[in-house]
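Descriptive analysis of the structure
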Amino acid sequence: MLERMPLRRRVALACATLGLLLSVAFAAAAVRLAEDYEEILVTEFLRGQAHDYAERLRGDPHAPLPRTQQLSGYLRRGDGSADLPPELAALAPGIHEIDEQGRHAGVFDTVAGRLVFVIDISAIEALEHYLNLFAAAVVVLGTLLGGWSGWLLAARAVAPVRR
């Protein structure tokens, strides 16, 4: 089938395929970098909060933990007493994505007990959604631009043969 296709179309198809592959590689790299950056940001922020509050609790065992719209802290003391919501009580130490809306939990064992911090990064998740749409647009545009430029280049390359 390709053999019967005119040279100009074959070159345009090859360029469109190259545009597709390069666009997909770029989009995948951008999305992956954003996800890695989010993970690093959340991990370091929650780890820092756990370290700071563990130090505060060492000096004052009744120091209040944060309870804001974006960040909430919980403590399960060594004696088993806790103010943890049930969905957080069973989490193992580490960073966990709680739901698709952008809530993450960091669970840390400290001298004061098990500290659990929940952070809401729904604004970052919304930005990731926008990035995914942008990446899809890059793939479509890259493919179309590759095909169009291949079509133009092939026309110039074939022109002397036609004459």
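That block above? That's the structure.
Residues numbered from 1 in each chain as written. Predicted model: local features only at pLDDT ≥ 70, side-chain atom pairs only at ≥ 80, totals over all residues. Heavy atoms only, no water.

Considering the nonpolar core
Leu46, Leu57, Leu65, Leu115, Phe117 and Ile119 are the most contacted members of the largest nonpolar core, which totals 15 residues. The set of elements that each furnish at least two residues to this core consists of helix H1 (7–59), strand S1 (71–76) and strand S4 (113–120). Setting aside its immediate chain neighbours within four residues, Phe117 contacts Leu46, Gln49, Ala50, Tyr53, Leu65, Pro66, Leu71, Ser72, Gly73, His104, Ala105 and Gly106. Grouped together as the second largest cluster of nonpolar side chains are eight residues, Tyr74, Leu91, Ala105 and Val107 included. (Core = buried A, V, L, I, M, F, W, Y, C linked by side-chain atoms within 4.5 Å. Buried < 20%, exposed > 50% of the residue type's maximum accessible area, 1.4 Å probe, protein only. Helix = DSSP H or I, 4+ residues; strand = E, 2+ residues; numbered from the N terminus. Contact = heavy atoms within 4.5 Å.)

Some details on the environment of Leu153
Note that Leu153 resides in helix H3 (residues 122–162). Judged by its relative accessible area of 55%, Leu153 is exposed. Separated by 142 residues in the primary sequence, Leu153 and Val11 have C-alpha atoms spaced 8.2 Å apart.

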